[in-house]
Amino acid sequence: MTPYARRGVHGQTVEFLARRILGGEIPEGATLDLVALQRELDVSLTALRESLKVLAAKGMVDARQKRGTFVRSRSDWNLLDADVLRWQIQGAGSAEADLGLLRNLAEVRAIVEPAAVRLAAERRTDADLAALEDALTAMGEDGTGAAHAVESDLAFHRALLAATHNELLERMEVVIESGLAHRDRIVHSAPHSEDPVPAHRAVLDAVRDRDPRAAEAAMRALLDQAGRDLDRIGEPEDPKGTGGR
């Protein structure tokens, strides 16, 4: 699933409206004043309506006769859509809300990835193993910066889902990558995070050995490590520099 292209006035308008809605500035049930929004954003009414169609496709807004365009209930929003996840992460508004969303995504990963890696261990091909090995090698490269660490981690988990050879599970990359990328950017920019390579190596070794049980256990250990990293992010700073754990 390809994220929405954020180019030009149209893309900027979609992003602006989405973040206002997700941030609660335009609450659920509110009717949009299109004329006022048009003036504020300095766009044509046609461009505004086209932008709203994007949000309508994601379940965020709707239009009815006599009522106009309004924000739908959050329960109607496609919260698993790649753009909606990204907008939530980028506009969480507070550290507490940010961590709350990351923990929700961590719970989804804990449900999906241990089961997925069992299938990967049973179905992986030599090409799958090569993709996993390449990602792990990239993950272990020193001095490449946080951005490289994030991309190599994403590549590893993307390859794991691909190794299940289940098209629906492969689409779960949309959910997993959104949260994983944001978590990784925070974790890899912070000091004292655990080395991710050994935990990922254990997963790869079990998948290579076609051992579903060991692969699941290794994935759960990896996710436990990710949870510890999240907890460390959420810890208050220790003014004495003693670690505060």
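Residues numbered from 1 in each chain as written. Predicted model: local features only at pLDDT ≥ 70, side-chain atom pairs only at ≥ 80, totals over all residues. Heavy atoms only, no water.

1. Focus: the packing of helix H1 (residues 8-22) against helix H3 (residues 45-57)
Then, number 1: The N-to-C vectors of H1 and H3 enclose an angle of 55 degrees; their axes lie 9 Å apart at closest approach. By the angle class used here, H1 and H3 are oblique. Note that H1 runs across H3; the crossing there is right-handed. Counted together, His10, Thr13, Val14, Leu17, Ala18 and Ile21 of H1 and Ala47, Leu48, Glu50, Ser51, Leu52, Val54 and Leu55 of H3 form the full contact between these two elements.
Then, number 2: Within the contact of H1 with H3, the residues separate by chemical class into 9 nonpolar, 3 polar and 1 charged. (Axes fitted to C-alpha atoms, helices over the stretch in contact; angles between N-to-C directions. Helix = DSSP H or I, 4+ residues; strand = E, 2+ residues; numbered from the N terminus. Parallel < 35°, antiparallel > 145°, perpendicular 65-115°, else oblique. Left-handed = near helix turned anticlockwise from the far one by under 90°. Contact = heavy atoms within 4.5 Å. Nonpolar A, V, L, I, M, F, W, Y, C, P; charged D, E, K, R; others polar.)

2. Things to note about the environment of Ala181
Then, number 1: Structurally, the position occupied by Ala181 is in helix H9 (residues 173-187).
Then, number 2: For Ala181 and Glu151, which are 30 residues apart along the polypeptide, the C-alpha to C-alpha distance reads 7.8 Å.

3. Topic: the pattern of salt bridges
Then, number 1: The tally for this structure, following the rule as stated, stands at 19 salt bridges.
Then, number 2: Of the charged contacts, one joins Glu15 and Arg86 as a salt bridge, the two residues approaching to 3.0 Å between their closest N and O atoms. Of the two residues, Glu15 sits in helix H1 while Arg86 sits in helix H4 (residues 82-90), which places them 71 residues apart along the sequence.
Then, number 3: Among the salt bridges present, the one from Asp83 reaches Lys58, with a minimum N-O distance of 3.0 Å. With a gap of 25 residues between them, Asp83 in helix H4 and Lys58 in the loop between H3 and strand S1 (61-64) connect regions that are remote in the sequence.
Then, number 4: For Lys58, a relative accessible area of 9% translates into the label buried.
Then, number 5: Among the charged side chains, a salt-bridge network with shared partners connects Glu15, Arg19, Lys58, Asp81, Asp83 and Arg86. (Salt bridge = Lys/Arg side-chain N within 4 Å of Asp/Glu carboxyl O. Buried < 20%, exposed > 50% of the residue type's maximum accessible area, 1.4 Å probe, protein only.)

4. Here we look at the pairing of S1
One face of the sheet, then the other: side chains in a regular strand alternate in exactly this way.
Then, number 1: In this structure, S1 lies alongside strand S2 (residues 68-71), joined through 4 bridges in antiparallel fashion. For Asp62, the partnering residue across the bridge sits in S2 and is Phe70.
Then, number 2: Connecting the antiparallel pair S1 and S2 is a turn made up of 3 residues, with Lys66 showing a positive phi of about 70 degrees. (Pairing = 2+ DSSP bridges.)

5. Let's talk about unusual backbone geometry
Then, number 1: Although it is not a glycine, Lys66 adopts a positive phi angle of roughly 70 degrees.
Then, number 2: Along the chain, Lys66 falls in the loop between S1 and S2.
Then, number 3: When its relative accessible area of 92% is taken as the criterion, Lys66 is described as exposed.
Then, number 4: In this structure, His165 is a non-glycine residue whose phi angle is positive, near 55 degrees.
Then, number 5: In this structure, His165 sits in the loop between helix H7 (145-162) and helix H8 (167-171).
Then, number 6: Judged by its relative accessible area of 44%, His165 falls in the partly exposed class.

6. Here's the deal with the environment of Val54
Then, number 1: Relative to the helices and strands, Val54 resides in helix H3.
Then, number 2: Given the relative accessible area of 16%, Val54 is considered buried.
Then, number 3: The spacing of Val54 and Gly11 is 43 residues in sequence and 9.6 Å in space, taken between C-alpha atoms.

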